Protein chains: 2
Amino acid sequence: MGKIDEVVSKIVSVRLEMFTEAQKRLDNLTKPQGSLGKLEDIAKRLVAIKENLNPSFGRKVIFVFAGDHGVAEEGVSAYPKEVTCQMVYNFLKGGAAINVLTEHVGAEVVIVDMGVAEDIEPHPLLKMKKVGYGTKNMLKEKAMTKEEAIQCVEVGIEVFEEEYKKNPVDMVGVGDMGIANTTSSSAILAAISGEKVEDVTGRGTGVDDKIWQRKVDVVRKALQFHLPHVRGPLDVLSRVGGYEIGGIAGCIIAAASYKVPVVLDGFICTAGALIATELCPKLRDYLFASHLSGEKGHRIALEHLKLVPLLDLDLRLGEGTGAALAMSLIEASAKIISQMATFEEAKVAREINNKLNKCK
Amino acid sequence: MGKIDEVVSKIVSVRLEMFTEAQKRLDNLTKPQGSLGKLEDIAKRLVAIKENLNPSFGRKVIFVFAGDHGVAEEGVSAYPKEVTCQMVYNFLKGGAAINVLTEHVGAEVVIVDMGVAEDIEPHPLLKMKKVGYGTKNMLKEKAMTKEEAIQCVEVGIEVFEEEYKKNPVDMVGVGDMGIANTTSSSAILAAISGEKVEDVTGRGTGVDDKIWQRKVDVVRKALQFHLPHVRGPLDVLSRVGGYEIGGIAGCIIAAASYKVPVVLDGFICTAGALIATELCPKLRDYLFASHLSGEKGHRIALEHLKLVPLLDLDLRLGEGTGAALAMSLIEASAKIISQMATFEEAKVAREINNKLNKCK
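Residues numbered from 1 in each chain as written. Chains lettered and ligands numbered in written order. Predicted model: local features only at pLDDT ≥ 70, side-chain atom pairs only at ≥ 80, totals over all residues. Heavy atoms only, no water.

1. Regarding the state of the cysteines
Turning to step 1, where the next piece is worked out: With the rule as written, the count across this model stands at zero disulfides over all chains.
Turning to step 2, where the next piece is worked out: In this model Cys251 of chain A remains outside any disulfide bridge; the closest cysteine sulfur is found in Cys269 of chain A, 9.4 Å from its own.
Turning to step 3, where the next piece is worked out: Judged by its relative accessible area of 0%, Cys251 of chain A falls in the buried class.
Turning to step 4, where the next piece is worked out: In this model Cys152 of chain B remains outside any disulfide bridge; the closest cysteine sulfur is found in Cys251 of chain B, 13 Å from its own. (Disulfide = S-S within 2.5 Å. Buried < 20%, exposed > 50% of the residue type's maximum accessible area, 1.4 Å probe, protein only.)

2. A short note on the domain arrangement of chain A
Residue and element names in this part refer to chain A.
Turning to step 1, where the next piece is worked out: Domain boundaries assigned for chain A yield domain 1 (2-55 + 336-358) and domain 2 (63-333).
Turning to step 2, where the next piece is worked out: Domain 1 and domain 2 are separated by 31 Å when their C-alpha centres are compared.
Turning to step 3, where the next piece is worked out: Counting residues at the interface gives 19 residues for domain 1 and 28 residues for domain 2.
Turning to step 4, where the next piece is worked out: Note that Lys259 is salt-bridged to Glu51, the shortest N-O span being 3.4 Å.
Turning to step 5, where the next piece is worked out: Run the count over domain 1 and domain 2 and you get ten residue pairs in polar contact (both at pLDDT 80 or more).
Turning to step 6, where the next piece is worked out: Every element with two or more residues in the side of domain 1 that touches domain 2 is listed here: α1 (3-10), α3 (37-50) and α14 (321-339).
Turning to step 7, where the next piece is worked out: In terms of residue count, the dominant contributor to the side of domain 1 that touches domain 2 is α3 (seven residues).
Turning to step 8, where the next piece is worked out: Considered class by class, the residues forming the side of domain 1 that touches domain 2 number 13 nonpolar, one polar and five charged. (Domains from an automatic or database assignment. Contact = heavy atoms within 4.5 Å. Salt bridge = Lys/Arg side-chain N within 4 Å of Asp/Glu carboxyl O. Polar contact = N/O pair within 3.5 Å; in protein donor to acceptor, adjacent residues only side chain to side chain. Helix = DSSP H or I, 4+ residues; strand = E, 2+ residues; numbered from the N terminus. Nonpolar A, V, L, I, M, F, W, Y, C, P; charged D, E, K, R; others polar.)

3. Focus: the side chain of Glu161 of chain A
Residue and element names in this part refer to chain A.
Turning to step 1, where the next piece is worked out: For Glu161, the position within the fold is in helix α6 (residues 146-166).
Turning to step 2, where the next piece is worked out: Polar side-chain contacts of Glu161 include one of 3.0 Å to the side chain of Lys3.
Turning to step 3, where the next piece is worked out: Each residue touching Glu161, except ones within four places of it in the same chain, is listed here: Lys3, Val7 and Tyr258.

4. Some points on the relation of the copies chain B and chain A
Turning to step 1, where the next piece is worked out: In screw terms, the move from chain B to chain A is a rotation of 180 degrees and a rise of 0.0 Å along the axis, fitting with an RMSD of 0.0 Å. What we have between these two chains is a two-fold relation. Residue Leu311 of chain B, judged by its C-alpha, is the member of chain B lying nearest the rotation axis, at 3.3 Å.
Turning to step 2, where the next piece is worked out: Most of the interface of chain B is mirrored in chain A, where 100% of its interface residues again form contacts. (Least-squares fit on C-alpha atoms with pLDDT ≥ 70 in both.)

5. Things to note about the packing of aromatic side chains
Residue and element names in this part refer to chain A.
Turning to step 1, where the next piece is worked out: Evaluation of the coordinates by the stated rule reveals ten aromatic pairs over all chains.
Turning to step 2, where the next piece is worked out: With centroids separated by 4.5 Å and ring planes inclined at 50 degrees, the aromatic side chains of Tyr164 and Tyr258 adopt a geometry described as tilted. Taken together, the residues Tyr164 in helix α6 and Tyr258 in the loop between α11 (243-257) and β5 (262-264) connect sequence positions 94 residues apart.
Turning to step 3, where the next piece is worked out: The cationic tip of Arg45 hangs over the ring face of Phe288; the distance from NZ or CZ to the ring centre is 4.1 Å. (Phe/Tyr/Trp six-rings, centres within 6.5 Å; stacked < 30°, edge-to-face > 60°. Lys NZ or Arg CZ within 6 Å of the ring centre and 35° of its normal.)

6. Comments concerning the sheet that holds strand β6 (residues 287-289) of chain A
All names here are of chain A.
Turning to step 1, where the next piece is worked out: Read across the open sheet, the six strands follow the order β3-β2-β1-β4-β5-β6; overall the sheet is parallel. Pairing within the sheet leaves two strands with one partner each, and these edge strands are β3 (126-128) and β6. Within the sheet, the average angular offset between the axes of one strand and its neighbour, ignoring direction, is 25 degrees.
Turning to step 2, where the next piece is worked out: Examined bridge by bridge, β5 and β6 share three bridges and lie parallel to one another. When the bridges of β6 are listed, Val263 appears paired with Phe288.
Turning to step 3, where the next piece is worked out: On the sheet, α11 packs against β1 (60-67), β2 (108-115), β4 (171-177), β5 and β6 and is oriented at approximately 175 degrees with respect to β4. (Pairing = 2+ DSSP bridges. Axes fitted to C-alpha atoms, helices over the stretch in contact; angles between N-to-C directions.)

7. As for the interface of chain B and chain A
Turning to step 1, where the next piece is worked out: Tallying the contact residues gives 56 residues for chain B and 56 residues for chain A.
Turning to step 2, where the next piece is worked out: Buried surface at the junction of chain B and chain A, both sides included, amounts to about 4900 Å², of which 62% is carbon and sulfur.
Turning to step 3, where the next piece is worked out: Counting every contact that joins chain B to chain A gives two salt bridges.
Turning to step 4, where the next piece is worked out: Residue Lys335 of chain B is joined to Glu103 of chain A by a salt bridge in which the shortest nitrogen-to-oxygen separation is 3.9 Å.
Turning to step 5, where the next piece is worked out: Between the two partners, chain B and chain A, sit 16 residue pairs in polar contact (both at pLDDT 80 or more).
Turning to step 6, where the next piece is worked out: For the side of chain B that touches chain A, the secondary-structure elements that each account for two or more residues are α3 (37-50), α4 (82-93), α5 (97-105), α14 (321-339) and α15 (343-352) of chain B.
Turning to step 7, where the next piece is worked out: The element best represented in the side of chain B that touches chain A is α14 of chain B, accounting for nine residues.
Turning to step 8, where the next piece is worked out: When grouped by side-chain class, the residues that make up the side of chain B that touches chain A number 26 nonpolar, 13 polar and 17 charged. (Buried area = accessible area lost by both parts, 1.4 Å probe.)

8. Brief notes about the confidence of the model for chain A
A low pLDDT score tells you not to read the predicted coordinates there in detail.
All names here are of chain A.
Turning to step 1, where the next piece is worked out: When pLDDT is averaged along chain A, the result is 95, and 96% of the positions lie at 70 or above.
Turning to step 2, where the next piece is worked out: Predicted confidence for residues 351-360 stays below pLDDT 50, and this span has 17 contacts to residues more than four positions away or in other chains.
Turning to step 3, where the next piece is worked out: In the predicted complex, the global pTM is 0.95; the interface-specific ipTM is 0.95. (pLDDT = per-residue confidence, 0-100.)

9. Notes on the pairing of strand β4 (residues 171-177) of chain B
Residue and element names in this part refer to chain B.
Turning to step 1, where the next piece is worked out: Burial analysis of β4 places seven of its seven residues in the buried class, which makes it a mostly covered element.
Turning to step 2, where the next piece is worked out: Residues of β4 alternate between two faces, with Met171, Gly173, Gly175 and Met177 on one and Val172, Val174 and Asp176 on the opposite face, all of them buried.
Turning to step 3, where the next piece is worked out: Where strand β1 (residues 60-67) meets β4, seven bridges bridge the pair, whose relative direction is parallel. What sits directly across from Lys60, in β4, is Met171.

10. Looking at the nonpolar core
Most often, soluble globular proteins keep nonpolar side chains buried together rather than apart.
Turning to step 1, where the next piece is worked out: Core analysis: the biggest nonpolar cluster contains 272 residues, and Phe63 and Val172 of chain A together with Phe63 and Val172 of chain B have the highest contact counts within it.
Turning to step 2, where the next piece is worked out: In this structure Phe63 of chain B touches Val110, Val112, Val159, Phe160, Glu163, Val172, Gly173, Val174, Gly175 and Cys251 of chain B, once residues within four positions along its chain are discounted. (Core = buried A, V, L, I, M, F, W, Y, C linked by side-chain atoms within 4.5 Å.)

11. Here's the deal with the sheet that holds strand β2 (residues 108-115) of chain B
Residues and elements named next belong to chain B.
Turning to step 1, where the next piece is worked out: Across the sheet, six strands lie side by side as β3-β2-β1-β4-β5-β6; this open sheet has parallel pairing. The outermost strands of the open sheet, each flanked by one partner alone, are β3 (126-128) and β6 (287-289). Averaged over all pairs of adjacent strands, the angle between strand axes in this sheet comes to 25 degrees, irrespective of strand direction.
Turning to step 2, where the next piece is worked out: Its contacts with the sheet put helix α12 (residues 267-279) on β4, β5 (262-264) and β6, and the angle it makes with β4 is roughly 115 degrees.

12. Examining the environment of Gly94 of chain A
Turning to step 1, where the next piece is worked out: Locating Gly94 of chain A in the fold gives a position in the loop between α4 (82-93) and α5 (97-105).
Turning to step 2, where the next piece is worked out: Once the C-alpha coordinates of Gly94 of chain A and Val109 of chain A are considered, the two residues, 15 residues apart in sequence, prove to be 9.9 Å apart.

13. Considerations on α3 of chain B
Turning to step 1, where the next piece is worked out: Under the 1.5 Å per step criterion, the end-to-end length of α3 of chain B is 21 Å for 14 residues, consistent within 8% with the ideal 20 Å.
Turning to step 2, where the next piece is worked out: Where burial is concerned, most of α3 of chain B is hidden: eleven out of the 14 residues are buried.
Turning to step 3, where the next piece is worked out: Listing the buried residues of α3 of chain B in full gives Gly37, Lys38, Leu39, Glu40, Ile42, Ala43, Lys44, Leu46, Val47, Ala48 and Ile49 of chain B.
Turning to step 4, where the next piece is worked out: Looking at the buried residues of α3 of chain B, the elements they touch are α14 of chain A together with α2 (16-28), β6 and α14 of chain B.
Turning to step 5, where the next piece is worked out: Looking one or two residues past α3 of chain B, Glu51 of chain B carries a phi angle of roughly 50 degrees, positive in sign. (Expected span 1.5 Å × (residues − 1).)

14. Overview of the pairing of β2 of chain B
Residue and element names in this part refer to chain B.
Turning to step 1, where the next piece is worked out: Counting buried residues along β2, seven of its eight residues qualify, which places the element largely inside the surrounding structure.
Turning to step 2, where the next piece is worked out: Pairing between β1 and β2: seven bridges, direction parallel. Of the residues in β2, the one forming a bridge with Gly67 is Gly115.
Turning to step 3, where the next piece is worked out: Both β2 and β3 contribute to a ladder of three bridges, which runs parallel. Its bridge partner being in β3, Val112 is matched across the sheet by Lys127.

15. Some remarks on the pattern of salt bridges
Turning to step 1, where the next piece is worked out: Inspection of the entire model under this criterion finds 46 salt bridges over all chains.
Turning to step 2, where the next piece is worked out: A single network of salt bridges, built from pairs that share partners, joins Arg59, Glu108, Lys127, Lys129, Glu158, Glu162, Glu163 and Lys166 of chain A.

As structure tokens, this is what we get:
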């Protein structure tokens, strides 16, 4: 049995009775029932995932998977391919949005080189796991071999397990960096969902009408070329995917196997989650959608996964930025169910406190 | 000149050129232009308010204003009036949602007794500023005298200034506690906006159809009684308002006069903001709407103030809970503009760092 199958076999659905227990506790907290809306829904899911009425989130880690894309040579992005590498250095030096936001929410960031086209110097925040120097151009051939696709997912599993073994991780976020990776994500979404290419292809970091039309054509042609031969999610990954998207899928699978909630960033991470849930539908129980991005197709991808996004801030940066912001809301939900007083506790306190006798 | 006029006279509109400067800096940060969506809009507003390209938020305080309402005797709430006092004690003991959430986002909480129907024992977190023991029933008479209405707003100013003088406050949140105060808020909104009573009256903490219909009738009758005689925002407050709503209005006015951004919680705080902006339209520049609540009428109130809510989590608790959550997003926006590297900084670093020469 391969590594992926082994990890997938450990993933179990959450137990429904934990939702009932969580609901009971929420309804006893000193607030009108249901008045904390979506925070209560999140709290119930956290209780079910952690199998604990007092879930806590001491260690939060965002893994940012980086890789280059051969399809970038088709001119589908507003940025040259070199920006992937430059941004990885920016992450390592702490100057990027993801650095600012992980620090803000008390999370750690781990950068994974899955397949940036250039070598990157070692750094304490960097995991060097290069599967290749950028994928091939999906328009002309498979983006990567089947072996590389498997390796990507295995690397995603590996980086999670390495961190977890150092010190257990309570919540995971996934993020991405890779010029042209919205093109790859649109192709994955269209291949898995069967939706129309023009409905799932957006403007990425901000391309104009002309480049957008070219991008739609590229995705359509790539799918015409590959779709008749596709066999399963790892084959989709191999044909139109990206190294970093495979890493994201692997990380999600590993986290779910350890019963750790996973916060998805935007469109690219949701494409990774599509691959992961095709490999193991049960892991959907562990997923949280951080936000609805401006990227066309993201809404469709989330609906396909039956996930409701927490934030709607018109973010379209990637890197894990939306995941970082949502982690704070998710942690707040956990604190609500574990730290608020119940009506009973308030009553007890009232009895032992003369001051409170005035309020009955 | 009275205290209110004096403070209002200090409020100035923010300078538009600060938006241009902020935009310039945002466009130089290492990310695609505009890719952080609403966080960038917030950052620009913060720069304009603070007149500083590096706004920071060391001290964040949420003021929770509590008061009772005579109209509660009409049976417009799912809870008895006594709950106002009980919840104030819950705040003081740290067991309520607002305690959990302010701690989570690194803010302080200050509770203000504006007019709870019972005496509350002294406590370090409590400001004892009782204007009366609950308002009168607006259906039969003015909720409070004109003098009391002025006093409420002055108390709101006072509590802000007291805290500010202890130690400058960088961001203020306002929250509320008061059984039946959505009834009062609906009446204020209808009186100021001219919208239909049934469109601005919701279910508060969760009343059924029967109580909701009664609530609509109460607001409609109260307005039929008072509206022909209304003269200005302080008179609206006096006739159908609440002590805590007046306090909220005063706190907003004071914060704006000190150029401190104000984060509104839900429907009741927005009603307070309506009174405040009627007294001084310029202070709208300082307001942030934390969330869109489930309370019918909240959307209309926000549209009236031309404010876009940051979160949409179906919250309907009050206390300042939505404001606490939004404070974290607002602070994140400030950190984005003040802490992210610019392309220039990244380039400089690249020149002095041989490692980075590979990426150009």
